[in-house]
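# Examining the three-dimensional arrangement
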Amino acid sequence: LNGNVNFNGNAGNLTLNASGAITQSSGVITNNDPASIATFAAGAANNIGLGGNNDFNEVRITSGKDVTINDVSNALKLGASTVSGNYSATATGGNITTTGALALNGTTNSITATGASFDVTLSNSITHNNASASTLNLVGKQNIAIATGGSVAASGGTLAVTLNSDSDATGGGAISMAPGTSISSNGGNIVLGGGATPGSVAAIGNAANPVGVLISGASLSSGTGDISIRGQGISVGAGTYGGVHIL
């Protein structure tokens, strides 16, 4: 892809199927109608690079090896996807949410909201199957939420899972896991924390989510791996909230 692509309006879905790699060398892809879906398929052996200053509504990867998605303008939805290699999705202009199951099978996987006040919310499953030791990082400059329907499950090798809120250590950012949600890392370490080094820095509550880390009816299973949870609550009105609540 070389040049700008605009696909919007009532019939604004964008579908691109290729028998080789899909590479965005320049330009902007705009597919941001509230109902629009951009779907890409390159085959399990071929990479998909969407690293331009794009403006998507929802992105689905039907098949691809190493996948890079970049969105700079608005919120980004991650739809049902199957990725055989590494996966990186970044949004600078809005929240990141999921709308479908993600099969992320590479050794390095990340979902990152880099805007100062934006969240990452997982409402669907992330599955991982790779014999090699792998990582999954959910990073937001504000909150990280595993909402109803959300889960992470690894098989094959270990999957080190990190939920990293308040990644810029500015203004706070909480972590929450809703009832029935789960993280199972198949022996990988699980880290819930904040700042630039979430293994040693607390997730800090904010006005909307005053508890630093709230795990309500959810489960964390690391097998032989370690679990680290660091949280710091704040005072809101007459109430002072704890750093970590496990209910």
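Right above here is the structure, for reference.
What comes next concerns the included structure. (Residues numbered from 1 in each chain as written. Predicted model: local features only at pLDDT ≥ 70, side-chain atom pairs only at ≥ 80, totals over all residues. Heavy atoms only, no water.)

### Some thoughts on the overall build of the chain
A count of helical and extended segments in the chain gives zero helices and 31 strands. Taking 2.2 N^0.38 as the reference for a compact globule, 247 residues should give roughly 18 Å; the C-alpha atoms of the chain span a radius of gyration of 18 Å, in line with that estimate. Across the 247 residues that make up the chain, the buried fraction comes to 47%. About 9,700 Å² of surface is accessible on the chain, with carbon and sulfur atoms providing 50% of the total. Charge centroids of the chain, computed over 5 positive and 9 negative side chains, lie 5 Å from each other. (Helix = DSSP H or I, 4+ residues; strand = E, 2+ residues; numbered from the N terminus. Rg over C-alpha atoms; globule rule 2.2 N^0.38 Å. Buried < 20%, exposed > 50% of the residue type's maximum accessible area, 1.4 Å probe, protein only. Areas by Shrake-Rupley, 256 points an atom, 1.4 Å probe, with all protein chains shown as cover. Lys, Arg positive; Asp, Glu negative; His and termini not counted. Charge placed at Lys NZ, Arg CZ, Asp CG, Glu CD.)

### A look at the sheet that holds strand β13 (residues 102–104)
If you trace the six strands from one edge of the open sheet to the other, you get β10-β13-β16-β19-β22-β26, paired in parallel fashion. Only two strands of the sheet have a single neighbouring strand rather than two, namely β10 (81–83) and β26 (219–221). Here the strands of the sheet are splayed against their neighbours by 10° on average, with no regard to which way each runs. With three bridges joining them, strand β22 (residues 182–184) and β26 adopt parallel strand pairing. Its bridge partner being in β26, S184 is matched across the sheet by S221. (Pairing = 2+ DSSP bridges. Axes fitted to C-alpha atoms, helices over the stretch in contact; angles between N-to-C directions.)

### Observations regarding the environment of D226
Here D226 shows up in the loop between β26 and β27 (227–229). Separated by 41 residues in sequence, D226 and S185 have C-alpha atoms that sit 10.0 Å apart. Not counting the four nearest positions on each side in its chain, D226 is found in contact with G188, N189 and I190. (Contact = heavy atoms within 4.5 Å.)

### Things to note about the sheet that holds strand β18 (residues 144–146)
Here we have 10 strands laid out as an open sheet, ordered β2-β5-β7-β9-β12-β15-β18-β21-β25-β31, and parallel in their pairing. With partners counted over all chains shown, the strands left at the sheet margins are β2 (14–17) and β31 (244–246), one partner each. The sheet shows a mean angle of 10° between the axes of neighbouring strands, taken without regard to direction. The pairing of β2 with strand β5 (residues 38–41) spans four bridges and is parallel. Within β5, the residue paired with L14 across the bridge is A38.

### Quick notes on the packing of aromatic side chains
On inspection of all chains with the given rule, the structure shows one aromatic pair. With a centroid separation of 6.3 Å and an interplanar angle of 85°, the aromatic rings of F40 and F56 are classed as edge-to-face. Taken together, the residues span a long stretch of sequence, with F40 in strand β5 and F56 in strand β6 (residues 48–56) at a distance of 16 residues. (Phe/Tyr/Trp six-rings, centres within 6.5 Å; stacked < 30°, edge-to-face > 60°.)

### Re the pairing of β6
The pairing of strand β3 (residues 22–23) with β6 spans two bridges and is parallel. Looking at the pairing, T23 lines up with G49 of β6. Relative to β6, strand β4 (residues 29–31) runs parallel, the two being bridged by two bridges. Looking at the pairing, T30 lines up with D55 of β6.

### A few points about the nonpolar core
Of all hydrophobic cores here, the largest spans 44 residues; its most connected members are F40, F56, I69, Y87, I111, L138 and L163. Every residue in contact with I111, bar those within four places of it in the chain, is listed here: L78, Y87, A89, I96, L102, V120, I126, N137, L138 and V139. (Core = buried A, V, L, I, M, F, W, Y, C linked by side-chain atoms within 4.5 Å.)

### A look at the pairing of strand β8 (residues 67–71)
Consecutive side chains along a regular strand alternate between the two faces of the sheet. Most of β8 is tucked away, with four of its five residues classed as buried. Of the pairings in the sheet, the one linking β6 to β8 comprises four bridges and is parallel in character. Bridge pairing in β8 places I48 opposite V67. The pairing of β8 with strand β11 (residues 87–91) spans five bridges and is parallel. By the bridge assignment for β11, I69 is matched with A89.

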